[in-house]
Amino acid sequence: MEENQHTEFKESWHDEYTRYISAFCNTEGGVLYIGIDDKGEVVGIEQLIEKLPNFIAQKTGIMPLIHLREKAGKEYLEIEVQPSAMPISVHGRYYTRSGSVTSELQGNQLNMFLAAKMGLTWES
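Scoring rules and cut-offs
Residues numbered from 1 in each chain as written. Predicted model: local features only at pLDDT ≥ 70, side-chain atom pairs only at ≥ 80, totals over all residues. Heavy atoms only, no water. Pairing = 2+ DSSP bridges. Helix = DSSP H or I, 4+ residues; strand = E, 2+ residues; numbered from the N terminus. Axes fitted to C-alpha atoms, helices over the stretch in contact; angles between N-to-C directions. Contact = heavy atoms within 4.5 Å. Phe/Tyr/Trp six-rings, centres within 6.5 Å; stacked < 30°, edge-to-face > 60°. Buried < 20%, exposed > 50% of the residue type's maximum accessible area, 1.4 Å probe, protein only.

Before going further, it helps to examine the sheet that holds strand 2 (residues 30–34). Strand pairing in a sheet is mediated by backbone hydrogen bonds. Such pairs are either parallel or antiparallel. The strand order across the open sheet formed by four strands is 1-2-4-3, and the pairing between neighbours is mixed. If you trace the sheet from one side to the other, it starts and ends with strand 1 (7–10) and strand 3 (65–71), each paired once. Put simply, the sheet's adjacent strands are angled 20° from each other on average, direction ignored. Two strands pair when backbone bridges link them, and strand 1 and strand 2 are joined in this way by four bridges, in the parallel orientation. In the strand pairing of strand 2, Glu8 is matched with Leu32. In this fold helix 1 (residues 18–26) packs onto strand 1, strand 2 and strand 4 (74–81), with an angle of close to 165° to the strand it touches most, strand 2.

Before going further, it helps to spend a moment on the packing of aromatic side chains. Both the distance between ring centres and the angle between the ring planes are used here to describe each pair of aromatic rings. As enumerated under the stated definition, the model contains six aromatic pairs in all. Ring centres 6.0 Å apart and planes at 90° place the aromatic pair Trp13 and Tyr17 in the edge-to-face group. No difference in accessibility class separates Trp13 from Tyr17, as the two residues are buried. Geometrically, the ring pair formed by Tyr33 and Tyr76 is tilted, given 6.1 Å between the ring centres and 45° between the ring planes. Separated by 43 residues along the polypeptide, Tyr33 in strand 2 and Tyr76 in strand 4 bring together distant segments of the chain.

And the structure:
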């Protein structure tokens, strides 16, 4: 398994990773793995399963599915994110996913994204 449009690996959790949750919601959905390095190898995690659901909900307004998994005696988290019909932001910033890259939307890109999410066209 490798990183792509729908998959992101992180060795440990950092609160700024809510941007990946936002990006997955704002595009086609995806899975964020915590406790897996960029090569796809499980490195293990600290106890996060109790903290993350509420933290993510507070920052994004959504509640992703979070699964505790194990491989070779090491635990990792699988954060499953569904695409959202509404735009999802983190601290007022909107993110999308293209390939294995998460980008913040700004300017005209942001305007077009918000209009499309709300079903608006330039004619309306």
